[in-house]
Amino acid sequence: ASADAEPSGPCIAVRNFPDSWTEKQVRLVFALFGGVASVRFVRGTFGGRVAHVELKAPENMPKAVAQLHNTQVGDGDLIEEC
């Protein structure tokens, strides 16, 4: 799949995470929510990277969003359901 491909299922859009982060760091953030099925990095509308994260257990998305939304990690992140 292309790095710019749309997610195949429901995902969480992670914005404003440190540029140095790799897929491994993004996966670690979501490990407590049943693990990650896939991570896709894309360019955001206003620059910067956005990670589209699909969880192995999609039913955990609302919990992940509620617990991680507006939390500060590294340089800061913003997490919302997409």
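Our subject is the structure that appears above.
Residues numbered from 1 in each chain as written. Predicted model: local features only at pLDDT ≥ 70, side-chain atom pairs only at ≥ 80, totals over all residues. Heavy atoms only, no water.

When you go through the chain residue by residue, the secondary structure sums to 2 helices and 4 strands. Going residue by residue from the N terminus, the α and β elements of the chain occur as β-α-β-β-α-β. Counting the 82 residues in the chain, one finds 40% classified as buried. Accessible surface for the chain amounts to roughly 4800 Å². Of this, 52% is attributable to carbon and sulfur atoms. (Helix = DSSP H or I, 4+ residues; strand = E, 2+ residues; numbered from the N terminus. Buried < 20%, exposed > 50% of the residue type's maximum accessible area, 1.4 Å probe, protein only. Areas by Shrake-Rupley, 256 points an atom, 1.4 Å probe, with all protein chains shown as cover.)

Let us look at the pattern of salt bridges. Oppositely charged side chains may form a pair once their charged atoms are brought near each other. Tallied over the full model, the rule gives 2 salt bridges. Ionic pairing is found between Glu23 and Arg27, a salt bridge with its closest N-O pair at 2.7 Å. Here Glu23 and its partner Arg27 are both found in helix H1 (residues 23–29), 4 residues apart, which amounts to about one turn of the helix. Notably, a salt bridge pairs Glu54 with Arg40, separated by 2.6 Å at the nearest N-O pair. Taken together, the residues span a long stretch of sequence, with Glu54 in strand S3 (residues 49–55) and Arg40 in strand S2 (residues 36–43) at a distance of 14 residues. (Salt bridge = Lys/Arg side-chain N within 4 Å of Asp/Glu carboxyl O.)

In this structure, Ile12, Val14, Val26, Phe30, Ala51, Val53 and Leu55 are the most contacted members of the largest nonpolar core, which totals 16 residues. Those elements that provide at least two residues to this core are strand S1 (12–15), S2, S3 and helix H2 (61–68). Broken down by element, this core gets its largest block of residues, 4 residues, from H2. For Val53, the residues in contact, after removing those within four places along its chain, are Pro10, Cys11, Ile12, Val14, Val26, Phe30, Val36 and Ser38. (Core = buried A, V, L, I, M, F, W, Y, C linked by side-chain atoms within 4.5 Å. Contact = heavy atoms within 4.5 Å.)

So, on to the pairing of S2. With 7 bridges connecting them, S2 and S3 associate as antiparallel partners. Its bridge partner lying in S3, Val42 is registered against Val50. Between S2 and S3, which pair antiparallel one after the other, the connecting turn spans 5 residues, and Gly47 there sits at a positive phi close to 85 degrees. (Pairing = 2+ DSSP bridges.)

Comment: phi is negative for the bulk of residues other than glycine, and the bulk of peptide bonds are trans. Its identity is not glycine, yet Asn70 carries a phi of approximately 60 degrees, on the positive side. Within the fold, Asn70 resides in the loop between H2 and strand S4 (78–81). Note on Asn70: relative accessible area 49%, which makes it partly exposed.

Along the chain, Arg49 turns up in strand S3. A distance of 2.7 Å separates a polar side-chain atom of Arg49 from the backbone oxygen of Trp21. Residues within four places of Arg49 in sequence aside, it is in contact with Val14, Arg15, Asn16, Phe17, Pro18, Asp19, Ser20, Trp21, Phe41, Val42 and Arg43. (Polar contact = N/O pair within 3.5 Å; in protein donor to acceptor, adjacent residues only side chain to side chain.)

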